Amino acid sequence: EEWIDQFYDKVPQDKYTLQIEAGEEHGLCITLFGAKYRVLLEFGVVRAFTVIDEGMQLNTPSDCSYDDSFLQVKNTNFSSVLYLIKNGHFTRYIQTCMGAELFDFYGLQQYNLVTQNYVVEIVCHDAPEITIDSSCSI
């Protein structure tokens, strides 16, 4: 997996918690709540997403084959909150489910969101629209 920090100048550094809203009408919307900022990430229609509390990944089950990079999530001090992922394990899983040709036809890509205790993996077509609520800054 390659984690690309292409949003480092778009999402202010803070310690964020998150709220997820997903539905037919607006797609996937994630609100990040920090000590200084509130950030809205609007992904629109997504093909797939997962959410895991990073504290849950304490052991590797013997019948699972997670990538080593996935296991490093809980051990890494991330400088940013949102990353573009190349050759991600979640991407490969979705490609297997829907077929690589269809995945490529839709132009899908993976984004990972890392907050204080959650890791969200998202497969979608477009990068999120990012809105920062400056009234929350101190």
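Structural data are supplied above this passage.
Since the structure is predicted, the reported quantities are computational estimates derived from the model, not experimental observations.

Cut-offs and rules
- Position labels on residues start from 1 in each chain and follow its written sequence.
- The predicted origin of the model limits local features to residues at a pLDDT of at least 70 and limits the giving and counting of side-chain atom pairs to 80 or more, whereas totals for whole chains, interfaces and linings rest on all residues.
- To obtain the side-chain values, all non-hydrogen atoms of the structure were used and water was disregarded.
- Secondary structure elements are taken from DSSP: a helix is a run of H or I of four residues or more, a strand is a run of E of two residues or more, and numbering for both begins at the N terminus.
- Working definition: with a 1.4 Å probe on protein chains only, accessible area under 20% of the residue-type maximum means buried, over 50% means exposed, and in between means partly exposed.
- We score Asp and Glu as negative and Lys and Arg as positive, and we do not count His or the chain ends.
- Basic side-chain nitrogens of Lys or Arg form a salt bridge, by our definition, when they fall within 4 Å of a carboxyl oxygen of Asp or Glu.
- Any pair of N or O atoms that falls within 3.5 Å is considered a polar contact. Within protein, one atom must be able to donate a hydrogen and the other to accept it, and sequence-neighbouring residues count only if both atoms are side-chain atoms.
- Candidates for patches are residues over 30% relative accessible area with no salt bridge; among them, like charges are joined within 9 Å and nonpolar side chains (Val, Leu, Ile, Met, Phe, Trp, Tyr) within 5 Å.
- The accessible surface values rely on the Shrake-Rupley method and a 1.4 Å probe; as for residues, cover is taken only from the protein chains in view.

(A) Main features of the side chain of Glu121. Residue position: Glu121 is located in strand β8 (residues 118-124). Salt bridges are absent for the buried Glu121, whose nearest opposite-charge side chain, Arg92, sits at 9.2 Å. Polar side-chain contacts of Glu121 include one of 3.2 Å to the side chain of His89.

(B) Focus on a nonpolar patch on the surface. A contiguous nonpolar surface patch, about 230 Å² in accessible area, is contributed by Phe49, Val51 and Tyr118. Relative to the helices and strands, Val51 resides in strand β5 (residues 46-53). A relative accessible area of 38% means that Val51 is categorised as partly exposed.

(C) Broad picture of the pattern of salt bridges. Using the criterion set out here, one finds two salt bridges in the structure. Two residues, Lys10 and Asp9, come together in a salt bridge whose shortest N-O distance is 3.9 Å. A salt bridge links Arg38 to Asp133; its shortest N-O distance comes to 2.3 Å. Taken together, the positions of Arg38 in strand β4 (residues 38-44) and Asp133 in strand β9 (residues 129-133) put the pair 95 residues apart, joining distant regions of the chain. Owing to a relative accessible area of 33%, Arg38 belongs among the partly exposed residues under this scheme.

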